[in-house]
Amino acid sequence: MTTTVSAPSLVAHPWLGFAVRRLGRLVGSVLILVSAAFLMIHLIPGDPVRGALGPAAAQSLVDAQRASLGLDDPLWQQYLNFLHHLVTGNLGTSITTGLPVSDVIRDRLPATVELAVAAFLVAVLIAVPLGLAMGVLTRGGRRPRAELGFTSTAVVLAAIPEFLLAVGLVYVFAVTLHWFPVAGRGGVASYVLPVLSLAVGPAAVLARICRVELLAVLQTDYLRTARAKRLPAPAIYLRHALPNAVTATITLGGLLLGGMVAGTVLVENVFGWPGLGSTIVSSIIAKDYPLVQGVVLVYGVGVLLVNLAVDVTLALLDPRSTIRES
(Lines give C-alpha, C1' and ligand atoms only; values in the text may rest on other atoms or scores of the structure.)
Protein backbone atom coordinates (compact mmCIF):
# COMPACT_ATOMS: atom_id res chain seq x y z
CA MET A 1 0.00 0.00 0.00
CA THR A 2 1.52 3.31 -1.05
CA THR A 3 0.84 6.67 0.48
CA THR A 4 0.91 9.81 -1.60
CA VAL A 5 1.63 13.20 -0.13
CA SER A 6 0.02 16.15 -1.82
CA ALA A 7 1.85 19.38 -2.50
CA PRO A 8 -0.32 21.44 -0.10
CA SER A 9 0.51 19.04 2.77
CA LEU A 10 4.20 19.43 2.08
CA VAL A 11 3.99 23.20 2.13
CA ALA A 12 1.90 22.97 5.29
CA HIS A 13 4.86 21.40 7.13
CA PRO A 14 6.28 24.21 9.30
CA TRP A 15 9.92 23.94 8.27
CA LEU A 16 9.17 23.26 4.61
CA GLY A 17 6.66 26.09 4.48
CA PHE A 18 9.21 28.38 6.11
CA ALA A 19 11.83 27.41 3.51
CA VAL A 20 9.43 27.92 0.59
CA ARG A 21 8.36 31.36 1.81
CA ARG A 22 11.88 32.57 2.50
CA LEU A 23 13.30 31.24 -0.77
CA GLY A 24 10.40 32.74 -2.69
CA ARG A 25 11.01 36.09 -1.04
CA LEU A 26 14.74 35.81 -1.82
CA VAL A 27 14.11 35.02 -5.49
CA GLY A 28 11.67 37.93 -5.82
CA SER A 29 14.10 40.32 -4.16
CA VAL A 30 16.95 39.17 -6.41
CA LEU A 31 14.81 39.72 -9.52
CA ILE A 32 13.99 43.27 -8.38
CA LEU A 33 17.66 43.91 -7.67
CA VAL A 34 18.73 42.55 -11.07
CA SER A 35 16.10 44.63 -12.87
CA ALA A 36 17.16 47.79 -11.02
CA ALA A 37 20.81 47.16 -11.86
CA PHE A 38 19.92 46.64 -15.52
CA LEU A 39 17.81 49.80 -15.76
CA MET A 40 20.47 51.86 -14.02
CA ILE A 41 22.58 52.14 -17.17
CA HIS A 42 19.55 53.18 -19.25
CA LEU A 43 18.11 55.76 -16.86
CA ILE A 44 21.32 57.78 -16.63
CA PRO A 45 21.15 60.79 -18.97
CA GLY A 46 23.48 60.77 -21.93
CA ASP A 47 25.47 58.04 -23.61
CA PRO A 48 27.26 55.92 -20.96
CA VAL A 49 29.83 54.68 -23.47
CA ARG A 50 30.66 58.23 -24.57
CA GLY A 51 30.87 59.28 -20.94
CA ALA A 52 33.26 56.44 -20.13
CA LEU A 53 35.51 56.87 -23.19
CA GLY A 54 35.53 60.66 -23.02
CA PRO A 55 34.55 63.40 -25.48
CA ALA A 56 37.78 63.00 -27.47
CA ALA A 57 37.12 59.37 -28.38
CA ALA A 58 36.42 58.68 -32.03
CA GLN A 59 32.80 58.00 -32.92
CA SER A 60 33.82 54.70 -34.55
CA LEU A 61 35.32 53.56 -31.24
CA VAL A 62 32.14 54.58 -29.38
CA ASP A 63 29.96 52.72 -31.89
CA ALA A 64 32.13 49.61 -31.66
CA GLN A 65 31.98 49.67 -27.86
CA ARG A 66 28.20 50.12 -27.88
CA ALA A 67 27.87 47.16 -30.24
CA SER A 68 30.13 44.99 -28.06
CA LEU A 69 28.02 45.83 -25.02
CA GLY A 70 24.79 45.12 -26.92
CA LEU A 71 23.41 48.61 -26.30
CA ASP A 72 22.13 48.87 -29.87
CA ASP A 73 19.67 45.98 -29.36
CA PRO A 74 16.05 46.54 -28.31
CA LEU A 75 15.59 47.03 -24.56
CA TRP A 76 13.79 43.71 -24.04
CA GLN A 77 16.55 41.88 -25.89
CA GLN A 78 19.19 43.59 -23.77
CA TYR A 79 17.34 42.51 -20.61
CA LEU A 80 17.12 38.88 -21.72
CA ASN A 81 20.81 38.92 -22.66
CA PHE A 82 21.62 40.46 -19.27
CA LEU A 83 19.75 37.68 -17.45
CA HIS A 84 21.42 35.02 -19.61
CA HIS A 85 24.86 36.43 -18.88
CA LEU A 86 24.14 36.51 -15.15
CA VAL A 87 23.03 32.88 -15.14
CA THR A 88 26.20 31.85 -16.98
CA GLY A 89 28.40 33.94 -14.67
CA ASN A 90 29.23 36.61 -17.23
CA LEU A 91 28.98 40.05 -15.62
CA GLY A 92 30.33 41.87 -18.65
CA THR A 93 33.57 43.67 -19.38
CA SER A 94 34.92 46.82 -17.76
CA ILE A 95 34.89 49.74 -20.19
CA THR A 96 37.97 51.41 -18.73
CA THR A 97 40.25 48.40 -18.15
CA GLY A 98 38.89 45.83 -20.60
CA LEU A 99 38.98 43.17 -17.86
CA PRO A 100 36.04 40.88 -17.13
CA VAL A 101 33.94 42.34 -14.31
CA SER A 102 33.84 38.93 -12.61
CA ASP A 103 37.65 38.92 -12.42
CA VAL A 104 37.72 42.39 -10.86
CA ILE A 105 35.10 41.37 -8.29
CA ARG A 106 36.90 38.11 -7.51
CA ASP A 107 40.12 40.02 -6.82
CA ARG A 108 38.49 42.73 -4.69
CA LEU A 109 35.70 40.89 -2.85
CA PRO A 110 37.88 39.06 -0.26
CA ALA A 111 39.23 42.36 1.13
CA THR A 112 35.71 43.73 1.63
CA VAL A 113 34.40 40.51 3.20
CA GLU A 114 37.35 40.36 5.59
CA LEU A 115 36.76 43.94 6.68
CA ALA A 116 32.99 43.57 7.16
CA VAL A 117 33.18 40.22 8.99
CA ALA A 118 36.01 41.37 11.26
CA ALA A 119 34.07 44.54 12.13
CA PHE A 120 30.92 42.52 12.85
CA LEU A 121 32.77 40.10 15.15
CA VAL A 122 34.43 42.96 17.02
CA ALA A 123 31.06 44.72 17.41
CA VAL A 124 29.43 41.58 18.83
CA LEU A 125 32.35 40.80 21.16
CA ILE A 126 32.13 44.34 22.53
CA ALA A 127 28.35 44.74 22.62
CA VAL A 128 27.15 41.50 24.21
CA PRO A 129 29.42 41.52 27.31
CA LEU A 130 28.96 45.29 27.71
CA GLY A 131 25.17 45.09 27.37
CA LEU A 132 25.05 42.15 29.78
CA ALA A 133 27.21 43.95 32.35
CA MET A 134 25.20 47.18 32.15
CA GLY A 135 21.93 45.25 32.37
CA VAL A 136 23.07 43.52 35.55
CA LEU A 137 24.49 46.69 37.09
CA THR A 138 21.47 48.89 36.35
CA ARG A 139 18.59 46.44 36.88
CA GLY A 140 15.78 47.63 39.09
CA GLY A 141 16.74 51.30 38.69
CA ARG A 142 20.15 50.85 40.29
CA ARG A 143 23.09 53.14 39.45
CA PRO A 144 21.13 55.77 37.47
CA ARG A 145 24.29 57.76 36.74
CA ALA A 146 25.96 54.75 35.15
CA GLU A 147 22.81 54.12 33.10
CA LEU A 148 22.70 57.74 31.93
CA GLY A 149 26.37 57.76 31.03
CA PHE A 150 26.12 54.47 29.13
CA THR A 151 22.98 55.49 27.23
CA SER A 152 24.32 58.94 26.33
CA THR A 153 27.66 57.59 25.15
CA ALA A 154 26.00 54.86 23.10
CA VAL A 155 23.67 57.37 21.40
CA VAL A 156 26.56 59.67 20.50
CA LEU A 157 28.75 56.85 19.13
CA ALA A 158 25.89 55.39 17.12
CA ALA A 159 25.17 58.78 15.53
CA ILE A 160 28.71 59.33 14.20
CA PRO A 161 28.98 58.33 10.50
CA GLU A 162 31.56 55.65 9.75
CA PHE A 163 33.58 57.79 7.36
CA LEU A 164 33.74 60.70 9.85
CA LEU A 165 34.88 58.36 12.61
CA ALA A 166 37.44 56.91 10.18
CA VAL A 167 38.87 60.35 9.46
CA GLY A 168 39.10 61.09 13.18
CA LEU A 169 40.83 57.80 13.94
CA VAL A 170 43.32 58.36 11.13
CA TYR A 171 44.17 61.83 12.39
CA VAL A 172 44.63 60.76 16.02
CA PHE A 173 46.17 57.29 15.81
CA ALA A 174 47.90 57.33 12.42
CA VAL A 175 48.92 60.92 11.65
CA THR A 176 49.48 62.23 15.19
CA LEU A 177 50.53 59.20 17.26
CA HIS A 178 51.86 57.04 14.38
CA TRP A 179 50.53 53.89 16.03
CA PHE A 180 48.87 52.48 12.91
CA PRO A 181 49.27 52.82 9.14
CA VAL A 182 47.43 55.68 7.47
CA ALA A 183 46.17 53.56 4.58
CA GLY A 184 46.61 50.29 2.75
CA ARG A 185 46.04 46.62 3.52
CA GLY A 186 49.13 45.02 4.95
CA GLY A 187 49.68 43.36 8.30
CA VAL A 188 47.39 43.07 11.30
CA ALA A 189 47.94 46.71 12.24
CA SER A 190 46.36 47.90 8.98
CA TYR A 191 43.04 46.27 10.00
CA VAL A 192 42.68 48.01 13.36
CA LEU A 193 41.46 51.47 12.31
CA PRO A 194 39.15 50.36 9.45
CA VAL A 195 37.59 47.68 11.64
CA LEU A 196 37.04 50.10 14.52
CA SER A 197 35.53 52.66 12.14
CA LEU A 198 32.90 50.13 11.10
CA ALA A 199 32.42 48.44 14.49
CA VAL A 200 32.07 51.28 17.02
CA GLY A 201 28.62 52.52 15.95
CA PRO A 202 26.99 49.07 15.58
CA ALA A 203 28.57 47.96 18.88
CA ALA A 204 26.93 50.89 20.67
CA VAL A 205 23.52 50.06 19.16
CA LEU A 206 23.81 46.34 19.93
CA ALA A 207 24.93 47.01 23.51
CA ARG A 208 21.85 49.16 24.15
CA ILE A 209 19.51 46.53 22.67
CA CYS A 210 21.19 43.73 24.60
CA ARG A 211 20.85 45.66 27.86
CA VAL A 212 17.16 46.45 27.26
CA GLU A 213 16.37 42.85 26.37
CA LEU A 214 18.25 41.56 29.41
CA LEU A 215 16.37 43.92 31.72
CA ALA A 216 13.08 42.57 30.34
CA VAL A 217 14.21 38.96 30.82
CA LEU A 218 15.34 39.64 34.39
CA GLN A 219 11.73 40.58 35.26
CA THR A 220 10.31 37.22 34.18
CA ASP A 221 9.00 34.66 36.65
CA TYR A 222 11.53 31.96 35.85
CA LEU A 223 14.42 34.33 36.60
CA ARG A 224 12.81 35.27 39.91
CA THR A 225 12.51 31.57 40.68
CA ALA A 226 16.16 31.00 39.78
CA ARG A 227 17.23 33.78 42.15
CA ALA A 228 14.93 32.42 44.85
CA LYS A 229 16.67 29.05 44.55
CA ARG A 230 19.96 30.90 45.18
CA LEU A 231 21.54 29.67 41.97
CA PRO A 232 25.03 31.04 41.28
CA ALA A 233 25.09 34.38 39.47
CA PRO A 234 26.91 32.98 36.38
CA ALA A 235 24.21 30.33 36.01
CA ILE A 236 21.42 32.89 36.32
CA TYR A 237 22.81 35.45 33.91
CA LEU A 238 24.73 33.32 31.40
CA ARG A 239 22.72 30.09 31.29
CA HIS A 240 19.17 31.34 31.82
CA ALA A 241 19.02 35.07 31.05
CA LEU A 242 21.42 35.63 28.17
CA PRO A 243 20.09 32.99 25.71
CA ASN A 244 16.59 34.43 26.06
CA ALA A 245 17.79 38.01 25.60
CA VAL A 246 19.72 37.66 22.33
CA THR A 247 16.80 37.27 19.89
CA ALA A 248 16.45 40.98 19.20
CA THR A 249 20.22 41.36 19.29
CA ILE A 250 20.64 38.71 16.58
CA THR A 251 17.95 40.32 14.44
CA LEU A 252 19.49 43.76 14.69
CA GLY A 253 22.99 42.32 14.37
CA GLY A 254 22.11 40.77 11.03
CA LEU A 255 20.73 44.07 9.77
CA LEU A 256 23.85 45.85 10.99
CA LEU A 257 26.05 43.31 9.21
CA GLY A 258 24.27 44.17 5.96
CA GLY A 259 24.80 47.83 6.78
CA MET A 260 28.49 47.18 7.46
CA VAL A 261 28.90 45.67 4.01
CA ALA A 262 27.44 48.85 2.51
CA GLY A 263 29.40 51.02 4.95
CA THR A 264 32.68 49.66 3.63
CA VAL A 265 32.20 51.84 0.53
CA LEU A 266 33.19 55.07 2.29
CA VAL A 267 35.54 53.53 4.87
CA GLU A 268 37.56 51.75 2.19
CA ASN A 269 38.07 55.03 0.38
CA VAL A 270 39.29 56.74 3.55
CA PHE A 271 41.88 54.02 4.17
CA GLY A 272 42.72 53.21 0.56
CA TRP A 273 41.45 49.67 1.16
CA PRO A 274 41.64 47.53 -2.01
CA GLY A 275 38.07 46.23 -1.84
CA LEU A 276 34.79 46.63 -3.66
CA GLY A 277 34.02 49.90 -1.88
CA SER A 278 36.92 51.75 -3.45
CA THR A 279 36.23 49.94 -6.73
CA ILE A 280 32.64 51.13 -7.02
CA VAL A 281 33.59 54.74 -6.27
CA SER A 282 36.36 54.77 -8.88
CA SER A 283 34.09 53.06 -11.43
CA ILE A 284 31.33 55.64 -10.84
CA ILE A 285 33.82 58.47 -11.36
CA ALA A 286 35.07 56.79 -14.55
CA LYS A 287 31.47 56.05 -15.64
CA ASP A 288 32.36 52.39 -16.00
CA TYR A 289 28.74 51.22 -15.78
CA PRO A 290 29.25 47.47 -16.39
CA LEU A 291 31.60 47.40 -13.39
CA VAL A 292 29.16 49.49 -11.34
CA GLN A 293 26.36 47.05 -12.21
CA GLY A 294 28.42 44.06 -11.14
CA VAL A 295 29.47 45.56 -7.81
CA VAL A 296 25.91 46.74 -7.04
CA LEU A 297 24.64 43.21 -7.66
CA VAL A 298 27.26 41.73 -5.35
CA TYR A 299 26.45 44.19 -2.55
CA GLY A 300 22.70 43.66 -2.97
CA VAL A 301 22.87 39.88 -3.02
CA GLY A 302 25.17 39.97 0.01
CA VAL A 303 22.64 41.98 2.03
CA LEU A 304 19.81 39.64 0.98
CA LEU A 305 21.79 36.55 2.00
CA VAL A 306 22.58 38.10 5.39
CA ASN A 307 18.87 38.75 5.99
CA LEU A 308 18.08 35.16 5.01
CA ALA A 309 20.74 33.87 7.41
CA VAL A 310 19.21 35.95 10.22
CA ASP A 311 15.74 34.50 9.58
CA VAL A 312 17.09 30.94 9.60
CA THR A 313 19.11 31.54 12.77
CA LEU A 314 16.10 32.94 14.61
CA ALA A 315 13.95 30.02 13.48
CA LEU A 316 16.55 27.57 14.77
CA LEU A 317 16.88 29.34 18.12
CA ASP A 318 13.12 29.65 18.63
CA PRO A 319 11.19 27.06 16.57
CA ARG A 320 7.89 28.25 18.07
CA SER A 321 8.37 31.82 16.90
CA THR A 322 6.07 33.47 14.43
CA ILE A 323 8.93 33.58 11.93
CA ARG A 324 8.04 30.04 10.82
CA GLU A 325 4.32 30.52 11.25
CA SER A 326 3.95 33.86 9.43
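About the thresholds
Residues numbered from 1 in each chain as written. Predicted model: local features only at pLDDT ≥ 70, side-chain atom pairs only at ≥ 80, totals over all residues. Heavy atoms only, no water. UniProt positions renumbered as here; feature names shortened; annotations may be inferred. Helix = DSSP H or I, 4+ residues; strand = E, 2+ residues; numbered from the N terminus. Buried < 20%, exposed > 50% of the residue type's maximum accessible area, 1.4 Å probe, protein only. Polar contact = N/O pair within 3.5 Å; in protein donor to acceptor, adjacent residues only side chain to side chain. Contact = heavy atoms within 4.5 Å. 1 Å grid on protein atoms, 1.4 Å probe; cavity = no way out; pocket = protein on both sides within 12 Å on 5 of 7 lines; lining within 4 Å. Points joined across faces, edges and corners; volume = space filled by probe spheres on them. Patch = residues over 30% accessible without salt bridge, like charges linked within 9 Å, V, L, I, M, F, W, Y side chains within 5 Å. Areas by Shrake-Rupley, 256 points an atom, 1.4 Å probe, with all protein chains shown as cover. Salt bridge = Lys/Arg side-chain N within 4 Å of Asp/Glu carboxyl O.

J.: Help me understand the UniProt feature "transmembrane region" (unreviewed entry) in the chain, please; the structure alone is not making it clear to me.
T.: In the numbering adopted here, UniProt assigns the feature "transmembrane region" (unreviewed entry) to residues 23-44, 115-137, 149-176, 188-207, 245-267 and 296-317. In the segment residues 115-137, helix accounts for 100% and strand for 0%; the C-alpha atoms at its two ends are 33 Å apart. Spanning residues 188-207, this segment combines 95% helix with 0% strand, and its end C-alpha atoms are found 26 Å apart.

J.: I'm lost on the side chain of Thr 138 in this one. Help?
T.: Tracing the chain through its elements places Thr 138 in helix H6 (residues 101-138). What makes Thr 138 buried here is its relative accessible area of 2%. At 3.1 Å, the side chain of Thr 138 forms a polar contact with the side chain of Arg 211. Each residue touching Thr 138, except ones within four places of it in the same chain, is listed here: Arg 143, Glu 147, Arg 211 and Leu 215.

J.: Would you explain the layout of surface pockets in this entry?
T.: The gaps left among the atoms become clear once a water-sized probe is rolled over them. Estimated volume of the second largest pocket: approximately 230 Å³. Lining of the second largest pocket is provided by 14 residues; of these, Leu 109, Val 113, Val 261, Gly 302 and Val 306 occupy positions nearest its centre. Mapped by element, the contributors of at least two residues to the lining of the second largest pocket are H6, helix H12 (247-271) and helix H14 (289-317). At six residues, H14 tops the list of elements feeding residues into the lining of the second largest pocket.

J.: When you look at the side chain of Glu 268 in this model, what are you seeing that I'm missing?
T.: As for its placement among the helices and strands, Glu 268 is situated in helix H12. Polar contacts involving the side chain of Glu 268 include one to the main-chain amide nitrogen of Leu 276, which spans 3.4 Å. Residues within four places of Glu 268 in sequence aside, it is in contact with Thr 112, Leu 115, Trp 273, Gly 275, Leu 276, Gly 277 and Ser 278.

J.: Teacher, can you tell me more about a nonpolar patch on the surface here?
T.: A cluster of nonpolar residues, Tyr 171, Val 172, Val 175, Leu 177, Trp 179 and Val 182, forms a patch on the protein surface that exposes about 590 Å² of accessible area. Its location among the elements puts Val 175 in helix H8 (residues 162-176). Taking relative accessible area as the criterion, Val 175 reaches 42% and is therefore assigned partly exposed.

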